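Spelled out, the chains give:
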Amino acid sequence: MRLLVLHGPNLNLLGTREPSVYGQASLPDIDKSIVRRAGERGIAVQTKQTNVEGELVTWIQNARGHFDGIIINPAAYTHTSIAIRDAIAAVALPTVEVHLSNIHQREEFRHHSFIAGVALGQISGFGPTGYLLALDALAAHLEAVSKASRPRTAPKNKPTASRR
């Protein structure tokens, strides 16, 4: 199983950016915990961060055929980017949206997510643990889909004794 974890704008400033909202953990700290959890589960994971909307779109498009699912924290693009939403819909990879803070307890403009409608699910408000929850949930989903799509083998018939 291969997962792509994408971090959007300003997440490179974690640990120093509004720690009362986003916590003390830096992005490298978060990525280390994601890689560690993925390793424990036997999952290959790649993490990337950018402040550029078009770069996120390109990474999402390029994920098709290389990854089984996406975890994305689109950050501010959550509330503005139809391009990211359309890229996720186009590649049709199971995607989990993550937010460190609870976007529904914040400013009104943060309550709407363009991503939620095309995501498998959304996790917000649990800080860095949200990424681990997303990884576990996405892995469980992919395992269930894989199991359900395996061809069933016909039961082997036991030889029957014939009466003469």
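Coordinates for the structure precede this section.
Residues numbered from 1 in each chain as written. Predicted model: local features only at pLDDT ≥ 70, side-chain atom pairs only at ≥ 80, totals over all residues. Heavy atoms only, no water.

A. Helix H3 (residues 53–63), seen in detail. Listed in full, the buried residues belonging to H3 are Leu-56, Val-57, Trp-59, Ile-60 and Ala-63. Down the axis of H3, the buried side of the element spans an arc of 165°, and every buried residue falls inside it. The secondary structure elements touched by the buried residues of H3 are strand E1 (2–7), strand E2 (44–49), strand E3 (69–73) and helix H4 (82–91). Among the residues trailing H3, Gly-65 stands out with phi positive, at a value near 90°. (Buried < 20%, exposed > 50% of the residue type's maximum accessible area, 1.4 Å probe, protein only. Helix = DSSP H or I, 4+ residues; strand = E, 2+ residues; numbered from the N terminus. Arc of directions from axis to C-beta. Contact = heavy atoms within 4.5 Å.)

B. Inspection of the nonpolar core at higher detail. Residues Leu-14, Ile-34, Ile-71, Leu-100, Tyr-131 and Leu-135 are the most contacted members of the largest nonpolar core, which totals 23 residues. The contact partners of Ile-34, leaving out residues within four places of it in the chain, are Val-5, His-7, Val-45, Thr-47, Tyr-131, Leu-132 and Leu-135. Leu-56, Phe-67, Tyr-77 and Leu-93 belong to the second-largest nonpolar core, a separate cluster that totals 18 residues. (Core = buried A, V, L, I, M, F, W, Y, C linked by side-chain atoms within 4.5 Å.)

C. Broad picture of the pattern of salt bridges. One pass over the full model with this rule turns up six salt bridges. Asp-136 serves as the salt-bridge partner of Arg-37, at 2.4 Å between the closest nitrogen and oxygen. Here the residue Arg-37 occupies a position in helix H2 (residues 27–41), and Asp-136 occupies one in helix H5 (residues 129–149), the gap between them amounting to 99 residues. Owing to a relative accessible area of 23%, Arg-37 belongs among the partly exposed residues under this scheme. When its relative accessible area of 23% is taken as the criterion, Asp-136 is described as partly exposed. Its salt-bridge partner being Arg-41, residue Asp-136 comes within 3.1 Å of it at the nearest N-O pair. With Asp-136 in helix H5 and Arg-41 in helix H2, this pair connects stretches of sequence that are 95 residues apart. A residue is classified by how much of its surface remains accessible, and Arg-41, at 32% relative accessible area, is partly exposed. Each of Arg-37, Glu-40, Arg-41, Asp-136 and Glu-143 takes part in a single network of salt bridges with overlapping partners. (Salt bridge = Lys/Arg side-chain N within 4 Å of Asp/Glu carboxyl O.)

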